[in-house]
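Each chain, written out:
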Amino acid sequence: MFKIYNCIATAHDLWLVGLAAIICTLASLAAMSLLRHARHATRQMRPIWLSISAISTGFGIWSTHFIAMLAYSPGVPSAYNIALTALSLAAAILLTAAGLAMAMLPSWRPGPWLGGAVVGGGIATMHYLGMAAFQIGGIILWDSTLVAASILLGTLIGAVALPAGLYDNSPRWRIAGALLLTLAICSHHFTAMGALSIIPDPTVSIPQTAIPTGWLAVGVAVSSFSIILLALGAAALDIRDQRRSLREADRMRSLADAAVEGLVVVDGRVTVTVNTSFAKLVGLPPEKLVGTPLDVYIPDAGVREALSTRPNELLETELRRADGAMIPIELIWRPIDFAGHAHYVIAVRNLQARKQAEQHIRYLAHHDALTSLPNRSAFHARLDHEIAATKDTGQKCAVLCFDLDRFKEVNDLFGHAAGDKVLQSVASCATAILEKNCMVARLGGDEFAILFPGLANPADAGQLAENLLEALRPDDGKSDTDNMTSCSVGIAIYPDDADSRESLLTHADTALYRAKMEGRATYRFFEAKMAAEVLDRRVLEHDLRQAVTREEFQLVYQPQNDIQTNQVIGFEALLRWTHKTRGSISPALFIPIAEETGAILGIGEWVLREACKQAASWPKPLTIAVNVSAVQIYSDNFVQLVHEVLLETGLPPNRLELEITETALVRDLNRALTTLRRIKALGVHIAMDDFGTGYSSLSNLRAFPFDKIKIDGSFIKSVNTNEQAATIVRAVLGLGRGLGLPVLAEGVETPAELAFLQSELCNEVQGYLVGRPAPIATFTALTHADNVPTSADEIHVRLAKSA
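Rules used throughout
Residues numbered from 1 in each chain as written. Predicted model: local features only at pLDDT ≥ 70, side-chain atom pairs only at ≥ 80, totals over all residues. Heavy atoms only, no water. Helix = DSSP H or I, 4+ residues; strand = E, 2+ residues; numbered from the N terminus. Buried < 20%, exposed > 50% of the residue type's maximum accessible area, 1.4 Å probe, protein only. Contact = heavy atoms within 4.5 Å. Areas by Shrake-Rupley, 256 points an atom, 1.4 Å probe, with all protein chains shown as cover. Patch = residues over 30% accessible without salt bridge, like charges linked within 9 Å, V, L, I, M, F, W, Y side chains within 5 Å. Salt bridge = Lys/Arg side-chain N within 4 Å of Asp/Glu carboxyl O. Axes fitted to C-alpha atoms, helices over the stretch in contact; angles between N-to-C directions. Parallel < 35°, antiparallel > 145°, perpendicular 65-115°, else oblique. Nonpolar A, V, L, I, M, F, W, Y, C, P; charged D, E, K, R; others polar. Pairing = 2+ DSSP bridges. Left-handed = near helix turned anticlockwise from the far one by under 90°. Core = buried A, V, L, I, M, F, W, Y, C linked by side-chain atoms within 4.5 Å. Expected span 1.5 Å × (residues − 1). Arc of directions from axis to C-beta. Phe/Tyr/Trp six-rings, centres within 6.5 Å; stacked < 30°, edge-to-face > 60°.

1. Focus: the overall build of the chain
A tally of helices and strands in the chain yields 30 helices and 24 strands. A buried classification covers 47% of the 803 residues belonging to the chain. Taking the contacts inside the chain whose residues are at least 6 apart along the sequence as the reference set, 68% of them involve residues at least 24 apart. Accessible surface for the chain amounts to roughly 37700 Å². Of this, 59% is attributable to carbon and sulfur atoms.

Below, the structure written as structure tokens:
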């Protein structure tokens, strides 16, 4: 080591040594920059740039050597052999080219190391060829140990220089590689010069063909100038590449940040860069994620292992956010070339919205969207499970089917939004009274079902039904819409009443039907005989809907008399149904069914058209009275229907009288009042039917535009035997006189009843005493003849003749 130091310090011009080091460093930086440029060049241009890099490096090694040799002062005359000097330059270029080409071989990891060693060998070859060209007036002796050390230093440091310079595109690695290459050249040269010893010998002469030192200086100056130019060119290329790389990086970063999906570039298991979407997903700034291991935010080791073995395959896992929360994600990865090295890019898709949507879909598949109760399919699945469990345990289970009474009226009066609120309220009430093992479901519309598993006693099911009725019973704390509805409940028990889910539900529904038939707002257990009765009722409902098209309905007419003149002033149209197999069916049976099922709308329209068409054909201007159901009153198009019928039949509006019970008015007074006023505006008369029964209220007589009051026949039957009934009739007659409204007494059957009404100044009468209901042909003499009977007796005579 001292020998080397002494050689540099005493035998060299340190200024020229410094210049040699500078030239060497510039050449090394140019070599690394040109080598990197060659690596990113196209396939056709890569050999050219590789040659330029080799020439630059070879000239740098050669110039460093000969500048250092110019700095060397041996103390004797010296010169250089032309051939060997040229050969040393050629060796430097060729061996450097071989080493750089080896380092550039793709997908061969030892390439940069072995290539660097070859470059180191080229340094040694050029040096000792150059020393062979060194001719002096003396004898040169070599220290073999230092010679070996110089070769080893150049080879080892050169083997490290190229891998360092090519590690990535960062400037620090490029500079590190250049400095190592400079160190390899300089350490080799001065170690080799330390191995040199010169013994002056005047007898040794320098050939005339040798290059003088001055000429060598010129050659070195030219080569050094070339190196500087190459270095400047390499610097320019490097600056251009850096700018292009920055622009490309900015463009790629912008594209990556524009992506909705998160993107992560990793080197092995370490994060290199991320886009904004991924940073937001994790909850950290992008710069804080750089350098973090992949397992920090993808904790599933199995998925991390699968990423490296299953490219281009979607993988589902969970991502750990900065706050520790886990969110579902979908991954896909593929290899990319990033910064000149093999990396992997991982696309990360947030599955939270999709998972929530899938969960919502699964929820909707088994739950009712309005009430959030289990739906029919979920109820069936649970019922099947409980039936199977019941078979194993020997216990019983009950099904309670219930629906809302008069729910259709809520929708008709207040709208479907109000109906939806009622259903939600019912669902809440039913859920609140159930035990944990019970289940309530909405089967559709206003139909609900409760499953009561582990039933110990049928009375427990009855108690549950009682609790349900109580929870839905009207009270002051509920809204008007809630107070309009109650519920009816049907109960069936497994295995007592059925041996399958289908029959159990059918029987519970049958019991529900019985509860509605027997007054509603109650519950009934299934009984075997119910099935036949309910089946009969449902067949009757079906036949009732077909009765109009089958022409099974007929109208009969009952005359109405002026009590003072005994003249017929009009008729009331009464509906009769003659079934094709059952025969005549009472209106008291089929009218309630028609109202309950909604069939009354079609039937009522038929009655109105037939009655008006018949009355319009009478020469005599007699009135025609038609009963109107509450369902018709609250129908949106009822007023329009009345108008159309009057126009189609040509019946004057003042000859039509619509009879309405007070019960039809109490459901929605304002709506009913609006409808009646619109009918009144058409010129049609309106009569209050069955006054004295149901929801009779004197305020209704003041609020509604009635033209007539009809006293119910139940009061007339008792006027001669019950003083209270007589008093009520007198009061109604007086009320009519006070309000200026004519009063018609229904159900007059005896002369005594007629005499009482005459004495109390009743206006009109109707009943068997005046005339029984009959087809209109029976009353042709009354509707067409001029000699209208003046007494009930004459009417009976004509009825007898017609019969």
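2. Re the environment of Gly 683
Along the chain, the position of Gly 683 falls in the loop between helix 24 (669–681) and strand 21 (685–691). A relative accessible area of 31% places Gly 683 in the partly exposed class. C-alpha of Gly 683 to C-alpha of Leu 656: the two residues are 27 residues apart in sequence and 8.6 Å apart in space. If near-sequence neighbours (up to four positions away) are discounted, Gly 683 is found in contact with Pro 653 and Asn 654.

3. Re a nonpolar patch on the surface
Side chains of Leu 105, Trp 108 and Leu 114 sit close together on the surface and give an oily, nonpolar patch of about 270 Å² of accessible area. Relative to the helices and strands, Trp 108 resides in the loop between helix 4 (82–103) and helix 5 (111–132).

4. Comments concerning the packing of helix 14 (residues 407–414) against helix 15 (residues 416–433)
Interaxial distance between helix 14 and helix 15 falls to 7 Å at its minimum, and their mutual angle equals 140°. Classed by the angle they form, the pair helix 14 and helix 15 counts as oblique. Note on element contacts: helix 15 touches helix 14 through His 416, Ala 418, Gly 419, Val 422 and Leu 423, opposite Phe 407, Val 410, Asn 411 and Phe 414. A class-by-class count of the residues in the contact of helix 14 with helix 15 yields six nonpolar, three polar and no charged.

5. Details of the environment of Gln 614
Positionally, Gln 614 belongs in helix 21 (residues 600–616). Look at Gln 614 and you get partly exposed, because its relative accessible area is 26%. Residues Gln 614 and Ile 776, spaced 162 residues apart in sequence, show a C-alpha to C-alpha distance of 8.3 Å. Every residue in contact with Gln 614, bar those within four places of it in the chain, is listed here: Tyr 557 and Ile 776.

6. Topic: the sheet that holds strand 14 (residues 486–494)
One open sheet holds the five strands; their spatial order is 12-13-11-14-15, and the pairing between them is mixed. Each edge of the open sheet carries a strand with a single partner, namely strand 12 (439–444) and strand 15 (523–525). Going from strand to strand, the sheet's axes swing by 20° on average, the running direction of each strand aside. The sheet contact formed by strand 11 (residues 396–405) and strand 14 spans nine bridges and is antiparallel. Looking at the pairing, Asp 405 lines up with Ser 486 of strand 14. Here helix 16 (residues 458–471) sits on the sheet and contacts strand 11, strand 13 (447–455), strand 14 and strand 15; the angle it forms with strand 14, its principal contact strand, is near 165°. Along the sheet, helix 18 (residues 501–517) makes contact with strand 11, strand 14 and strand 15, crossing strand 14 at roughly 145°.

7. Focus: the packing of helix 13 (residues 376–393) against helix 18
Their axes nearest at 10 Å, the elements helix 13 and helix 18 cross at an angle of 110°. By the angle between their axes, helix 13 is roughly perpendicular relative to helix 18. The handedness of the crossing between helix 13 and helix 18 comes out as right-handed. Between helix 13 and helix 18, the residues in contact are Phe 379, His 380, Leu 383, Asp 384 and Ile 387 and Arg 501, Leu 504 and Leu 505, respectively. Broken down by class, the residue content of the contact of helix 13 with helix 18 amounts to five nonpolar, one polar and two charged.

8. What about the nonpolar core?
Ranked by size, the top nonpolar core spans 81 residues in total, and within it Ile 624, Leu 656, Leu 658 and Leu 757 carry the most contacts. Of all the elements, helix 21 adds the most residues to this core, at seven residues. The residues contacting Leu 658, other than those within four sequence positions of it, are Leu 608, Val 626, Val 628, Phe 638, Val 642, Ile 679, Val 684, His 685, Ile 686 and Ala 687. In terms of nonpolar packing, the next biggest core, distinct from the first, is built from 30 residues, Leu 423, Val 426, Leu 434 and Ala 465 among them.

9. Some remarks on unusual backbone geometry
In the segment running from Tyr 494 into Pro 495, the intervening peptide bond is cis, with an omega of 5°. Looking at where Pro 495 falls in the secondary structure, it is placed in the loop between strand 14 and helix 18. Positive phi values are uncommon outside glycine, yet Ala 521 reaches one of about 55°. Tracing the backbone shows Ala 521 in the loop between helix 18 and strand 15. Positive phi values are uncommon outside glycine, yet Asn 566 reaches one of about 60°. You can see Asn 566 is positioned in the loop between strand 16 (553–562) and strand 17 (568–579).

10. Some remarks on helix 21
Between its first and last C-alpha, helix 21 extends 24 Å over 17 residues, near the 24 Å set by a 1.5 Å rise per residue. For helix 21, the set of buried residues is Ile 600, Ile 603, Gly 604, Val 607, Leu 608, Ala 611, Cys 612 and Ala 615. Axial view of helix 21: buried residues confined to an arc of 155°, hence all on one face.

11. A short note on the packing of aromatic side chains
Overall, the coordinates contain eleven aromatic pairs when judged by the stated rule. Between Phe 278 and Tyr 297 the ring centres are 5.0 Å apart and the planes differ by 70°, which places this aromatic pair in the edge-to-face class. A residue pair is termed long-range when its members are at least 10 positions apart, and Phe 278 in helix 9 (residues 276–282) and Tyr 297 in the loop between helix 10 (286–289) and helix 11 (301–309) qualify at 19 residues. The exposure class of Tyr 297 is buried, given its relative accessible area of 1%. Between Trp 577 and Phe 590, the aromatic rings sit 5.5 Å apart at their centres with planes inclined by 85°, giving edge-to-face as the arrangement. Here the residue Trp 577 occupies a position in strand 17, and Phe 590 occupies one in helix 20 (residues 587–597), the gap between them amounting to 13 residues. Residue Trp 577 shares its accessibility class with Phe 590, and that shared class is buried.

12. A word on the pattern of salt bridges
As a working rule, side chains carrying opposite charge can pair if their charged atoms are close by. Counted according to the given criterion, the structure contains 34 salt bridges. Across the pair Lys 613 and Glu 610 runs a salt bridge, and its minimum N-O distance is 3.6 Å. One end of the pair, Lys 613, and the other, Glu 610, are both in helix 21, three residues apart, so they sit about a helical turn from each other. Counted as one network, the salt bridges with shared partners bring together Glu 261, Glu 316, Glu 330, Arg 349, Arg 354, Lys 355 and Glu 358.

13. Here's the deal with helix 18
The terminal C-alpha atoms of helix 18 lie 24 Å apart, and with 17 residues this matches the ideal 24 Å at 1.5 Å per residue to within 8%. Among the 17 residues that make up helix 18, 13 are buried, leaving the element largely enclosed by the rest of the structure.

14. Observations regarding the environment of Ala 54
Of note, Ala 54 is situated in helix 3 (residues 46–71). Each C-alpha atom, one on Ala 54 and one on Ile 93, is 5.7 Å from the other, the two residues being 39 residues apart in sequence. Sequence-distant contacts of Ala 54, that is, excluding residues within four places in its chain, are made with Ile 93, Thr 96, Ala 97 and Leu 100.

Any link to function would need more than the numbers given here.
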